[in-house]
Amino acid sequence: MIGERSIAVIGAGMAGLSCARRLAAAGLSPVIFDKGRGVGGRLATRRTFEGLQFDHGAQYVTARKDGFRELLADMRQAGVADVWEDSACSKRFVGTPGMTALAKHLAEGLDVRANVKISNISGSTAGWIVTTGAEKLNFQRVVITAPAQQAAVLLGPTHALAADLEAVEINPCLTLMAAFGSGQPEPFVTRRDPEDPLSWIALNSAKPARPAPPCWVAQAGPKWSAAHLEAAPAVIAQQMLRLLCDRLGTDPTTVRYAVAHRWRYANVAEPLGRPFLRDETGTLYLGGDWCLEARVEAAWTSGVAIAQDMLQGM
Ligand SMILES: Cc1cc2nc3c(=O)[nH]c(=O)nc-3n(C[C@H](O)[C@H](O)[C@H](O)COP(=O)(O)OP(=O)(O)OC[C@H]3O[C@@H](n4cnc5c(N)ncnc54)[C@H](O)[C@@H]3O)c2cc1C
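(A) Structural view of the overall build of the chain. Secondary structure summary: the chain contains 8 helices and 18 strands in total. Relative to the compact-globule value of 20 Å for 314 residues, the chain shows a C-alpha radius of gyration of 20 Å, a close match. Along the longest, intermediate and shortest principal axes, the C-alpha atoms of the chain span 65 × 40 × 35 Å. Looking at the 314 residues of the chain, the share that counts as buried comes to 53%. For the chain, restricting intrachain contacts to residue pairs at least 6 apart in sequence, the fraction spanning at least 24 positions comes to 66%. Total accessible area on the chain stands at roughly 14,100 Å², and carbon and sulfur atoms take up 50% of it. The average position of the 32 basic charges and that of the 30 acidic charges among the side chains of the chain differ by 3 Å.

Following this line, the structure appears as structure tokens:
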């Protein structure tokens, strides 16, 4: 038993962390579980032994709401975010030295338990039983911020909220991280083309505070990603590399790193349409970007809205 006002937050992405931070600011002590090795979820950065670095999830963050704008300003002040000066019209922020820095900053001082996959949650007279591989833990309240399809697995098909979750659609995204030998062309910093199988290409190393070696991130569009989703990662990498070399005018024989990442649940196509779900007991919440739209700010909005609603009910 963890305590009377105990709260489990499942997922240490932007939604889970922003929710937990608000709760902690109100004097509560949420425990955050994530199956990943660290925090961030789709705010993801990969570093290699060769000194290469890639943001293979969210590329940058934009702010439309004052609250999120203020958070980014604070993060900039703290040295974990900066503006990515590019030809784009809207102001793009990136984590420094990588996108995960935004999540790490939010996680400071919170009780985060990484490498813990929650396999089941169930109601009991004492509240909720949260099952990890090894143990069963009791909490008064539970917040699930996993993507809708993964949240649905935790709740089970007969749960009253299952139909809401089922209506949410999230597109996959296959992502290539690539680096080449010196002297290869850099025809652009970013390129977005929804009609191209590679709908987004970015020179990751052009972002502020990144290591010098040129590193490219390419994302396949939703159609191409869905069609190749179950292929072996090495096969995906080879196919995407061929496309990337073509778009950059790069000699494929100069490749020194090419690894693909499969995001099965990447970008929301059909959102819930409201900031969160709450069950009839008022002690189970579900949230994440999938409630609103495919943006980091939407995940933040959802997490904060859950915390506010929960605090009001206490
Ligand atoms: C390739 C790609 C590019 C993107 N580009 C942009 C962009 O440029 N700008 C932008 O604003 N947004 C972008 N997005 C979207 C953005 O990344 C998301 O909107 C945001 O990060 C979602 O945050 P979240 O907290 O809702 O979910 P997540 O970040 O997915 O966090 C959910 C967490 O739950 C954990 N979890 C799931 N199941 C369990 C379980 N059973 N037990 C324990 N933990 C569990 C996961 O490990 C994960 O860490 C992009 C996304 C992708 C994939």
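(B) Molecular detail of the nonpolar core. Counting residues in each nonpolar core, the largest one holds 46 residues, and the members touching the most others are Met14, Leu17, Leu43, Phe68, Met75 and Val143. Those elements giving two or more residues to this core turn out to be β1 (7–10), α1 (14–25), α2 (66–77), β5 (81–83), β6 (93–95), α3 (100–107), β14 (198–203) and α8 (296–312). No other element matches the 8 residues that α8 contributes to this core. Residues contacting Leu17, with those up to four places away along its chain left out, are Gly11, Ala12, Ile32, Val39, Ala103, Leu106, Ala107 and Leu110. Ile118, Ile121, Ala146 and Trp290 belong to the second-largest nonpolar core, a separate cluster that totals 29 residues.

(C) Structural detail: the domain arrangement of the chain. Domain annotation of the chain identifies domain 1 (7–44 + 100–168 + 271–312) and domain 2 (170–268). Placing a centre on the C-alpha atoms of domain 1 and another on those of domain 2 gives a separation of 30 Å. At the junction of the two partners, domain 1 supplies 13 residues and domain 2 supplies 6 residues. Surface buried jointly by domain 1 and domain 2 totals about 770 Å² across both partners, of which 72% is contributed by carbon and sulfur atoms. Summed over the three residues of domain 1 that lose the most area to domain 2, namely Arg42, Gln149 and Ala294, the buried surface amounts to 56% of that side. Taken together, the connections running from domain 1 to domain 2 amount to 0 salt bridges.

(D) Broad picture of the sheet that holds strand β17 (residues 277–278). Taking strand neighbours across the sheet as the criterion, the 6 strands line up as β7-β2-β1-β11-β18-β17 in an open arrangement whose pairing is mixed. The open sheet has two edge strands, β7 (111–113) and β17, and neither has a second partner. Relative to β7, strand β2 (residues 31–33) runs parallel, the two being bridged by 3 bridges. If you follow Val31 over to β7, its bridge partner there is Asp111.

(E) Molecular detail of α1. Here α1 spans 16 Å end to end across 12 residues, near enough to the 16 Å set by a 1.5 Å rise per residue. All of the buried residues in α1 are Met14, Ala15, Gly16, Leu17, Ser18, Cys19, Ala20 and Leu23. Those residues of α1 that are buried are in contact with β1, β2, α2, α3, β11 (141–144) and α8. Of the residues one or two after α1, Gly27 is the one with positive phi, at around 95°.

(F) Examining the site of the ligand more closely. Not every one of the 34 residues close to the ligand is listed here, only the nearest: Asp34, Arg42, Tyr60, Asp289 and Val296. Ala15 places a polar main-chain atom, nitrogen or oxygen, 2.9 Å from an oxygen atom of the ligand. Within the side chain of Arg42, an N or O atom sits 2.8 Å from an oxygen atom of the ligand. Considered on its own, the ligand offers 1,000 Å² of accessible surface; in the complex 94% of this is hidden by protein. At the level of secondary structure, the elements contributing two or more residues to the shell around the ligand comprise α1, β12 (169–180), β16 (255–270) and α8. Of the residues forming the shell around the ligand, the biggest block, 3 residues, is contributed by β16. In terms of residue class, the shell around the ligand is made up of 15 nonpolar, 13 polar and 6 charged.

(G) Seen up close, the pairing of β11. Side-chain alternation along β11 places Arg141 and Val143 on one buried face and Val142 and Ile144 on a second face that is also buried. Where β1 and β11 come together, 4 bridges link them in parallel fashion. Across the sheet, Ile7 pairs through a bridge with Arg141, a residue of β11.

The rules we used
- Residues numbered from 1 in each chain as written.
- Predicted model: local features only at pLDDT ≥ 70, side-chain atom pairs only at ≥ 80, totals over all residues.
- Heavy atoms only, no water.
- Helix = DSSP H or I, 4+ residues; strand = E, 2+ residues; numbered from the N terminus.
- Rg over C-alpha atoms; globule rule 2.2 N^0.38 Å.
- Buried < 20%, exposed > 50% of the residue type's maximum accessible area, 1.4 Å probe, protein only.
- Contact = heavy atoms within 4.5 Å.
- Areas by Shrake-Rupley, 256 points an atom, 1.4 Å probe, with all protein chains shown as cover.
- Lys, Arg positive; Asp, Glu negative; His and termini not counted.
- Charge placed at Lys NZ, Arg CZ, Asp CG, Glu CD.
- Core = buried A, V, L, I, M, F, W, Y, C linked by side-chain atoms within 4.5 Å.
- Domains from an automatic or database assignment.
- Buried area = accessible area lost by both parts, 1.4 Å probe.
- Salt bridge = Lys/Arg side-chain N within 4 Å of Asp/Glu carboxyl O.
- Pairing = 2+ DSSP bridges.
- Expected span 1.5 Å × (residues − 1).
- Near = heavy atom within 4 Å.
- Polar contact = N/O pair within 3.5 Å; in protein donor to acceptor, adjacent residues only side chain to side chain.
- Nonpolar A, V, L, I, M, F, W, Y, C, P; charged D, E, K, R; others polar.

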